[in-house]
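Residue-level structure breakdown
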Amino acid sequence: MGSDLNNPEFFPTETKLPFCVWLSPNTEGQAALDAIVKENIEDTSCPFFDAHITLFCGSTYLPKRALINQFNTAFANSDSTQANIIGTQWGTDFFKRFYYQMENNTQLQNLYEISNNALDNEGTYNFSPHISLFYGNDSDIPENKALAAPHLDSLTFNKIRLMSDCSDETYACVASWEEYASMALNE
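Residues numbered from 1 in each chain as written. Predicted model: local features only at pLDDT ≥ 70, side-chain atom pairs only at ≥ 80, totals over all residues. Heavy atoms only, no water.

**Some remarks on the overall build of the protein**
Along the protein, the regular secondary structure elements total 4 helices and 7 strands. Here the protein has a C-alpha radius of gyration of 17 Å; the compact-globule value for 187 residues is 16 Å, and the two agree. Projected onto the principal axes, the alpha-carbon positions of the protein cover approximately 65 × 35 × 25 Å. Relative to all contacts within the protein whose residues are 6 or more apart in sequence, the contacts with residues 24 or more apart total 78%. Summed over its atoms, the accessible surface of the protein is roughly 9700 Å², and 45% of this surface lies on carbon and sulfur atoms. Across the protein, the 9 positively charged side chains and the 25 negatively charged ones have centroids separated by 3 Å. (Helix = DSSP H or I, 4+ residues; strand = E, 2+ residues; numbered from the N terminus. Rg over C-alpha atoms; globule rule 2.2 N^0.38 Å. Contact = heavy atoms within 4.5 Å. Areas by Shrake-Rupley, 256 points an atom, 1.4 Å probe, with all protein chains shown as cover. Lys, Arg positive; Asp, Glu negative; His and termini not counted. Charge placed at Lys NZ, Arg CZ, Asp CG, Glu CD.)

**What about the nonpolar core?**
Formed by 51 residues in total, the largest nonpolar core has its most connected members in V21, I53, L55, F71, I131 and L162. Among the elements that take part in this core, strand β1 (residues 17-25) stands out by supplying 6 residues, more than any other. Not counting chain neighbours up to four residues away, the residues in contact with I131 comprise L33, A51, H52, I53, Y99, Y100, M102, L155 and F157. (Core = buried A, V, L, I, M, F, W, Y, C linked by side-chain atoms within 4.5 Å. Buried < 20%, exposed > 50% of the residue type's maximum accessible area, 1.4 Å probe, protein only.)

**What to know about the state of the cysteines**
The final tally for this structure, using the stated rule, is 2 disulfides. The disulfide that involves C20 links it to C57, with 2.0 Å between the sulfurs. Taking the sign of the S-S torsion, about 100° here, the bridge from C20 to C57 comes out right-handed. Here C20 is found in strand β1, whereas its partner C57 is found in strand β2 (residues 53-60), with 37 residues between them in sequence. Each member of the pair, C20 as well as C57, carries the same accessibility label: buried. A sulfur-sulfur distance of 1.8 Å marks the disulfide that ties C166 to C173. Residues C166 and C173 share a disulfide whose torsion about the S-S bond is about 100°; that sign makes it right-handed. Counting its disulfide-bonded cysteines in sequence order, the protein shows a connectivity of 1-2, 3-4. C173 provides the cysteine sulfur closest to C46, a residue in no disulfide bond, and the two sulfurs are 12 Å apart. A relative accessible area of 5% means that C46 is categorised as buried. (Disulfide = S-S within 2.5 Å.)

**Here's the deal with the packing of helix α2 (residues 64-74) against helix α3 (residues 106-119)**
Two elements in contact, α2 and α3, have axes whose closest approach is 10 Å; the angle formed by their N-to-C orientations is 140°. By the angle between their directions, the pair α2 and α3 is classed as oblique. Handedness of the α2/α3 crossing: right-handed. The residues of α3 that touch α2, namely those facing L67, Q70, F71 and A74, are I114, A118 and L119. Of the residues in the contact of α2 with α3, the class split is 6 nonpolar, 1 polar and no charged. (Axes fitted to C-alpha atoms, helices over the stretch in contact; angles between N-to-C directions. Parallel < 35°, antiparallel > 145°, perpendicular 65-115°, else oblique. Left-handed = near helix turned anticlockwise from the far one by under 90°. Nonpolar A, V, L, I, M, F, W, Y, C, P; charged D, E, K, R; others polar.)

**Re the environment of L23**
Among the secondary structure elements, L23 is positioned in strand β1. For the pair formed by L23 and P63, sequence separation is 40 residues and the distance between their alpha carbons is 23 Å.

**Remarks on the side chain of Q101**
With respect to the helices and strands, Q101 occurs in strand β4 (residues 96-102). For Q101, the contacting residues outside a window of four places in its chain are N84, I85, I86, G87, Q89, K96, S128, P129 and H130.

**Focus on the environment of V174**
Residue position: V174 is located in helix α4 (residues 171-176). The exposure class assigned to V174 is buried, which follows from its relative accessible area of 4%. In this structure the C-alpha to C-alpha distance between V174 and P47, which are 127 residues apart in sequence, comes to 7.1 Å. Ignoring anything within four residues of it in the chain, the contact list for V174 reads P47, F49, F94, F95 and Y135.

Here it is in structure tokens:
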């Protein structure tokens, strides 16, 4: 215990560290989603982003290393999961403009609860599983551009990622995302 007192990882910081937990599809699914995102953002101001399900967003006063340790411990025994795609939808939020709506199954709900309980149990994130295929406002889509996504039935998710987050809904925010840690989920 004495050595822990000299380790800054165990002492809160003065500023909050915002973060998100992303669930990423397997290689085949990620390649399919990457192609859709690239097509949708072509000729727009939207930067490229890895399509994913955001399981949770929160913040902590812990240093980044301590958050990474909590993340690694929380998901060490988690299994990969499959999720059905209900269909494409349009939304009004910057981060939920055009997306695949996902069926909220038991495995997704369990991963959300692990995130909430282990990383920020005071968080107020409203979990609604979806995979964004375009970020922005309606005015960010050129008039001659039609956003589209092929019909997919389901995706398998085998990777979980701890990502930085920011408070503003801008393309600068999207471009600033940084991966803090990731791990493969048990097959």
